[in-house]
Amino acid sequence: MRLRNKEIHLNGHDGDIHLKRNIHGIPEIMAQTPQDLAYGLGWVHANDRQLQTLLTRIILRGEASWHLGEDESLLELDKYMKRMNFLPDAESETKKLDKGVLGQVAAYAEGFNDFLLNNSLVYELRFLGYDPEPWDIGDTLILGKVFGFLGLAEAQGGMERFLLQMIQKGIDEDRIRELFPLLCDEIAVSLLKKIRLSPSLVPNALRWLPVFNASNNWAVSGRLTRSGKPIMCGDPHLEVNRLPNIWQESVMRLPDNTLKGVTVPGCPGILLGRTDYISWSATYSFMDMLDFRIEHCRQGQYERSDGWKEFQVRDELIRVKKADPVHLRILENEHGVLEGDPEKEGYYLVNSWSAARGCGADDFNGMLNLHKARNVRDAMGMFKRLDAASFNYVITDIEGNIGYQMSGRLFNRPRGVSGLLPVPAWDPKYDNDGFVDKDLLPSQYNPEDGIIATSNQDLNYLGEADPINLCMGGYRAGRVRQLLQTQTKLGIEDMKNIHFDLYSLQAQRFMEIILPLLPDTPNADCLRQWDLQYRADSRGAMLFESVYHALINVVFGDNALGRDVCDYIFRETSLFNDYYINLDEILTKDASAWFAGHSRSDLFKKAIDEGLDVQAVAYGKTRRIMFKHLLFGDKLPSFLGFDYGPVELMGCRATVPQGQIFKNAGRTTTFSPSYRFIADMNDNKLHTTLAGGPSDRRFSSLYLCDIKNWFKGIYKVLE
């Protein structure tokens with residue numbers, strides 16, 4: 001029995017469960033209790049997203065080399081998952097689940113397993129020879145923790161390692177502090193240069209998992225809207241060039257409430273969306289939840305003031321298809337996993353994550369109780385419970401309130417420790433004093449101007465704690481706020497226009513400097529006439545990007561890092577994509593240590609000459625990507641339709657729809673609005689568009705059914 005066009009009835013714990021598809025193919029679940037809704041959602045995910053869900057579990061268990069084939073990148077992924085051990089305390093965390101939440105998580109697993117018991121596996125898994133074990137509560141808990149970690153691992157951790165590499169390369173302190181303005185620590189250069197820095201443990205094959213890179217969300221008070229009620233908008237930015245889409249939309253109906261929005265296959269509940277009483281969306285907060293610590297090691301031990309200590313040893317076995325198993329010896333202590341060989345005397349890093357242990361349950365206790373929230377204050381309290389997931393939640397309610405709450409578990413670091421530099425693990429003065437009280441995290445309730453907008457910018461000013469030491473620029477949030485402030489009586493169509501707005505405040509800022517310096521050439525004339533919009537047919541946008549890239553090479557490449565390093569970081573990593581604001585603040589200064597004695601005008605002129613010495617083409621021609629199947633991407637002939645494209649991805653780093661494109665180990669990846677939704681609290685509707693469809697079945701009409709509407713900005717309405 002599969003969910004197709006006819007309604008299906010299942011026996012729940014508390015009554016009948018009704019499943020059907022609406023006119024958009026989105027599954028709707030009706031039940032008497034949240035527990036039975038969860039059962040129905042587990043059944044639906046096994047029906048629609050079985051491949052995605054079980055592939056995710058294979059990865060999280062460190063079993064990719066065994067089930068997916070012989071591939072060095074998969075082996076590295078397995079090693080990473082075994083090292084990180086994301087849920088070392090599954091049993092104790094399960095016991096910490098609220099009674100009703102435990103019922104939902106258990107029922108979800110039951111629904112998923114009942115579908116598998118009564119239906120054959122999807123053909124891809126049969127092809128792999130995969131015989132799945134039943135889904136269990138631990139599978140859901142670990143997915144919840146990893147979802148909150150992965151963007152952090154590649155962004156914050158990567159930039160902190162880059163900072164250390166700059167110090168080891170001999171970049172002077174003035175330049176370091178200018179590039180990292182929130183670095184308050186004393187820089188112990190001699191010690192930091194002694195660290196034997198291992199290659200990053202974060203594997204490129206993390207592409208298999210959902211990575212929450214960035215996003216926009218905003219809310220406006222009812223006094224600014226046509227309806228007189230608040231409006232909420234959200235567009236989570238994830239890797240969009242993958243199929244199926246990370247999200248699956250669902251409508252979940254209780255007798256007294258209806259939940260609409262997106263789910264993550266493998267987890268119960270609506271993660272982003274609305275109920276009859278509240279709506280909410282999330283952006284990645286950029287809270288620094290990572291600390292690197294320095295361990296002085298010799299003869300397999302690490303140093304403390306009272307002597308040398310033994311590492312805890314964890315032996316893991318990784319099975320490899322058609323090859324001998326790989327034995328992995330993992331050394332860890334109270335701070336985390338060691339990166340390096342302690343048998344060779346030296347200084348090595350240990351990576352500490354604030355959510356490594358003792359948390360996970362409250363992320364579900366918060367999210368799966370949202371159906372009980374009747375107003376913004378209720379929801380803010382629930383979001384504060386989240387530990388591993390650090391997001392900026394913006395919320396509206398039918399009473400007319402709007403609010404913002406940051407979630408996550410933040411180290412309570414000593415004064416003078418920013419979290420950006422590794423600190424000596426043997427010196428207790430660097431020890432954290434537990435975790436910051438969540439009441440001190442940034443939050444906001446009914447601001448005077450009636451607008452809340454977050455786009456991964458610095459929001460420390462909204463709290464007593466300072467969780468952010470690296471973040472994205474404020475251009476996107478500033479543009480959203482600008483558009484909201486210049487209009488009156490806002491409605492749904494206004495919000496759609498903002499979702500697709502292509503004007504760049506970053507370009508506006510730089511063009512004020514560039515315009516007086518432009519030469520008299522055809523390309524310069526094209527750039528001079530540019531309207532600062534990143535439209536696909538714009539040659540001006542393409543030329544600005546060429547000049548901006550040249551400017552980074554001239555200032556940071558020629559004067560310190562080397563052009564090869566800048567080119568690699570710009571094209572092959574997400575570091576500049578995430579933290580470009582740190583560069584922009586320097587590039588737009590009148591004078592800087594990074595200018596190496598040159599005037600800003602001279603550096604800009606050189607970059608302009610280089611950047612304009614190209615053939616100008618339409619911006620869209622530089623933005624062509626393929627949407628690739630999660631398992632078979634690039635592996636099958638294009639006429640079979642597993643991949644989709646090529647298409648031109650809209651936007652840039654500083655427009656509301658970012659549309660960032662870069663490479664990771666030679667593979668093109670992105671982050672862009674994976675889902676857009678709008679909720680006017682005057683009614684129970686949700687206006688949405690998804691970069692994909694409900695199903696991961698290639699030969700289903702629901703595989704790509706919404707993707708053209710996503711490109712065109714055509715929204716469907718869920719009621």
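Presented here is a report on the structure given in the accompanying data block. The structure displayed is predicted, hence computed values, not measured ones.

## Let's talk about helix H18 (residues 539–561)
- At Asn553, H18 shows its maximal kink, close to 30°.
- Of all the 23 residues making up H18, 20 are buried; the element is thus mostly covered by neighbouring parts of the structure.
- Where H18 begins, the capping side chain belongs to Ser538, and its oxygen is found 3.4 Å from the backbone nitrogen of Gly540.
- Just downstream of H18, Gly562 is the residue with a positive phi angle, here 95°.

## Section: the sheet that holds strand E21 (residues 443–445)
- With respect to topology, ten strands assemble into an open sheet ordered E1-E2-E3-E7-E8-E9-E10-E18-E19-E21, the strand pairing being mixed. What marks the edges here is a single partner per strand, and that holds for strand E1 (8–11) and E21. Averaged over all neighbouring strand pairs, the angle between strand axes comes to 20°, with direction disregarded.
- Pairing between strand E19 (residues 402–406) and E21: three bridges, direction antiparallel. If you follow Tyr404 over to E21, its bridge partner there is Gln444.
- Lying on the sheet, helix H1 (residues 34–48) is in contact with E1, strand E2 (16–21), strand E3 (27–30), strand E7 (248–254) and strand E8 (257–263); it crosses E7 at an angle near 150°.
- Taken strand by strand, helix H13 (residues 376–383) contacts strand E10 (278–284), strand E18 (391–397), E19 and E21, and its axis lies near 160° from that of E18.

## Observations regarding the environment of Gly562
- Structurally, Gly562 is set in the loop between H18 and helix H19 (563–572).
- Given the relative accessible area of 18%, Gly562 is considered buried.
- Considered as a pair, Gly562 and Thr53 are 509 residues apart in the sequence and their alpha carbons are 43 Å apart.
- In contact with Gly562, not counting residues within four places along its chain, are Lys169, Phe556 and Gly557.

## Focus: the packing of aromatic side chains
- This model, assessed by the stated rule, comprises 32 aromatic pairs.
- Judged by centre distance (3.8 Å) and plane angle (5°), the rings of Phe383 and Tyr393 are stacked. Placement of the pair is Phe383 in helix H13 and Tyr393 in strand E18, with a sequence separation of ten residues.
- Among the residues examined, Tyr393 registers a relative accessible area of 4% and is labelled buried.
- Clustering of aromatic rings is evident, with ring pairs tying together Phe510, Trp530, Tyr534, Phe544, Tyr548, Phe604 and Tyr619.
- Across from the ring centre of Trp594, 5.6 Å away, lies the NZ or CZ of Arg175, which sits over that ring.

## Quick look at helix H4 (residues 72–84)
- An ideal rise of 1.5 Å per residue puts 18 Å on 13 residues; H4 measures up with 18 Å between its terminal C-alpha atoms.
- Every buried residue belonging to H4 is among Leu74, Leu75, Leu77, Asp78, Lys79, Tyr80, Met81, Lys82 and Arg83, and all of these are buried.
- Backbone geometry just after H4 places Asn85 at a positive phi near 45°.

## Some words on the pattern of salt bridges
- In this structure the tally under the stated criterion is 44 salt bridges.
- Residue Arg413 is joined to Asp291 by a salt bridge in which the shortest nitrogen-to-oxygen separation is 2.8 Å. Of this pair, Arg413 sits in the loop between E19 and strand E20 (423–424) while Asp291 sits in strand E11 (residues 290–298), placing them 122 residues apart in sequence.
- Relative accessible area serves as the criterion here: at 14%, Arg413 is assigned to the buried category.
- The exposure class of Asp291 is buried, given its relative accessible area of 6%.
- Glu648 is the partner of Arg624 in a salt bridge, and the nearest nitrogen-oxygen pair spans 3.4 Å. One end of the pair, Arg624, is in strand E23 (residues 624–629); the other, Glu648, is in strand E24 (residues 644–648), with 24 residues separating them in the sequence.
- The exposure class assigned to Arg624 is exposed, which follows from its relative accessible area of 51%.
- Look at the salt bridges and you will find they share partners, linking Arg57, Arg61, Glu133 and Asp139 into a network.

Parameters at a glance
Residues numbered from 1 in each chain as written. Predicted model: local features only at pLDDT ≥ 70, side-chain atom pairs only at ≥ 80, totals over all residues. Heavy atoms only, no water. Bend = angle between axes of the 7 residues up to and from the residue. Helix = DSSP H or I, 4+ residues; strand = E, 2+ residues; numbered from the N terminus. Buried < 20%, exposed > 50% of the residue type's maximum accessible area, 1.4 Å probe, protein only. Polar contact = N/O pair within 3.5 Å; in protein donor to acceptor, adjacent residues only side chain to side chain. Pairing = 2+ DSSP bridges. Axes fitted to C-alpha atoms, helices over the stretch in contact; angles between N-to-C directions. Contact = heavy atoms within 4.5 Å. Phe/Tyr/Trp six-rings, centres within 6.5 Å; stacked < 30°, edge-to-face > 60°. Lys NZ or Arg CZ within 6 Å of the ring centre and 35° of its normal. Expected span 1.5 Å × (residues − 1). Salt bridge = Lys/Arg side-chain N within 4 Å of Asp/Glu carboxyl O.

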